[in-house]
Amino acid sequence: ADQLMQDGSQAYQHGDFEQAVERWTSAVAAYERSAARPEQIDALIRLSEAYQSLGRYRTAAIRLDQAKALAAGTDDSLLPIRILWRAGSLYQAAGQHAEAERSLQEALQRAKALPQASLTAAILNDLGNLAASQGKFAEALAAYTESFQTAQAVPVKLLAATSQVNAARVLLSSKQYRESKQRLDQAADILRGLEPSHEQISAFITVGLTYAKLRAFLVELNKDLTLAAFQALHDAARAADQLGDRRASSFAWGYLGKLYEDERRYAEALDVTQQA
């Protein structure tokens, strides 16, 4: 069953969520047979996450409820926090903001009390996403900034980079363009030092697209921003090809092609768009 969990994690990192669901479903059954309860709960939580990534929120909620029922009988303090956090994330995906806020805040307080830094940073990043989705930019920025600092201290580098990218997007929406660029620069630096994964690639793509958006507002930095956008999207495309993440790869090459077109470099654009 442990091998199934590992295979599922690897599939998840490659962005192959269907494969992750298949592996983790088998792991849940295996742990149930051997009465390994904490492992079974962990597998159910991961399974719920994979279903959410596939947009299958109802099934994700059912798996999470199963985990919750099993966790009621254990003395593990981390599992209930992870379940609350996942529930908050699911509520948010379903547009239930008040429920999401309640779950995530409770998860945050419990994670801080343990203290469990990497979990705290992850929950803060989700609270930032929740605030940002409601246009509460100052609140979102505060959550992302605390998430970044907490993740840096552990360090959980991918999470640190992700919260910096998210902060940069909020700063762009708040018209704080130079600060936005600063956070993107930091995020890109961190991402370049990491192994390719689905999340790392998606963060790189967001970095590239946000650099490109900033050009309209920081006109004097047009050349630097264009170069930075190319670089980030190119890194994303290369990492996706290396990982075999075909969907992310076609996104990254497609955006690169668009950027070349914007720059009026049609011949190269044609080449890249064909690759996508």
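Please refer to the structure placed before this passage.
As the structure is a computational prediction, the values presented were derived from the model and not from experiment.

What counts and how
Residues numbered from 1 in each chain as written. Predicted model: local features only at pLDDT ≥ 70, side-chain atom pairs only at ≥ 80, totals over all residues. Heavy atoms only, no water. Phe/Tyr/Trp six-rings, centres within 6.5 Å; stacked < 30°, edge-to-face > 60°. Helix = DSSP H or I, 4+ residues; strand = E, 2+ residues; numbered from the N terminus. Buried < 20%, exposed > 50% of the residue type's maximum accessible area, 1.4 Å probe, protein only. Salt bridge = Lys/Arg side-chain N within 4 Å of Asp/Glu carboxyl O. Contact = heavy atoms within 4.5 Å.

Asker: Help me understand the packing of aromatic side chains in this model?
Answerer: Note on aromatic pairs: each is described by the distance of the centres and the angle between the planes. Taken as a whole and judged by the stated rule, the model has 5 aromatic pairs. Centre to centre, the rings of Phe 251 and Tyr 255 are 6.2 Å apart; their planes meet at 15°, and the pair counts as stacked. Of the two residues, Phe 251 and Tyr 255 are both situated in helix H13 (residues 246-262); the distance of 4 residues between them amounts to about one turn of the helix. We classify Tyr 255 as partly exposed; its relative accessible area is 32%.

Asker: Where do I start with the pattern of salt bridges in this structure?
Answerer: Two side chains carrying opposite charge are able to pair once their charged atoms lie near each other. In the structure shown here, the tally under the stated rule is 11 salt bridges. One salt bridge connects Arg 82 with Asp 42, and the closest N-O pair in it is separated by 2.8 Å. Placement of Arg 82 in helix H5 (residues 78-93) and of Asp 42 in helix H3 (residues 37-53) is noted, with a sequence separation of 40 residues between them. The partner of Glu 146 in a salt bridge is Lys 112, with the nearest N and O atoms 2.9 Å apart. Here the residue Glu 146 occupies a position in helix H8 (residues 137-153), and Lys 112 occupies one in helix H6 (residues 97-113), the gap between them amounting to 34 residues. For Lys 112, a relative accessible area of 41% gives the class partly exposed. Overlapping salt bridges bring together Asp 7, Glu 22 and Arg 23 as one network.

Asker: In this structure, what is going on with the environment of Thr 273? I would like to understand it.
Answerer: Of note, Thr 273 is situated in helix H14 (residues 266-275). The class of Thr 273 is partly exposed, set by a relative accessible area of 39%. Sequence-wise, Thr 273 and Lys 258 are 15 residues apart; in three dimensions their C-alpha atoms are separated by 7.9 Å. Among residues more than four places away in sequence, those in contact with Thr 273 are Gly 257 and Glu 261.

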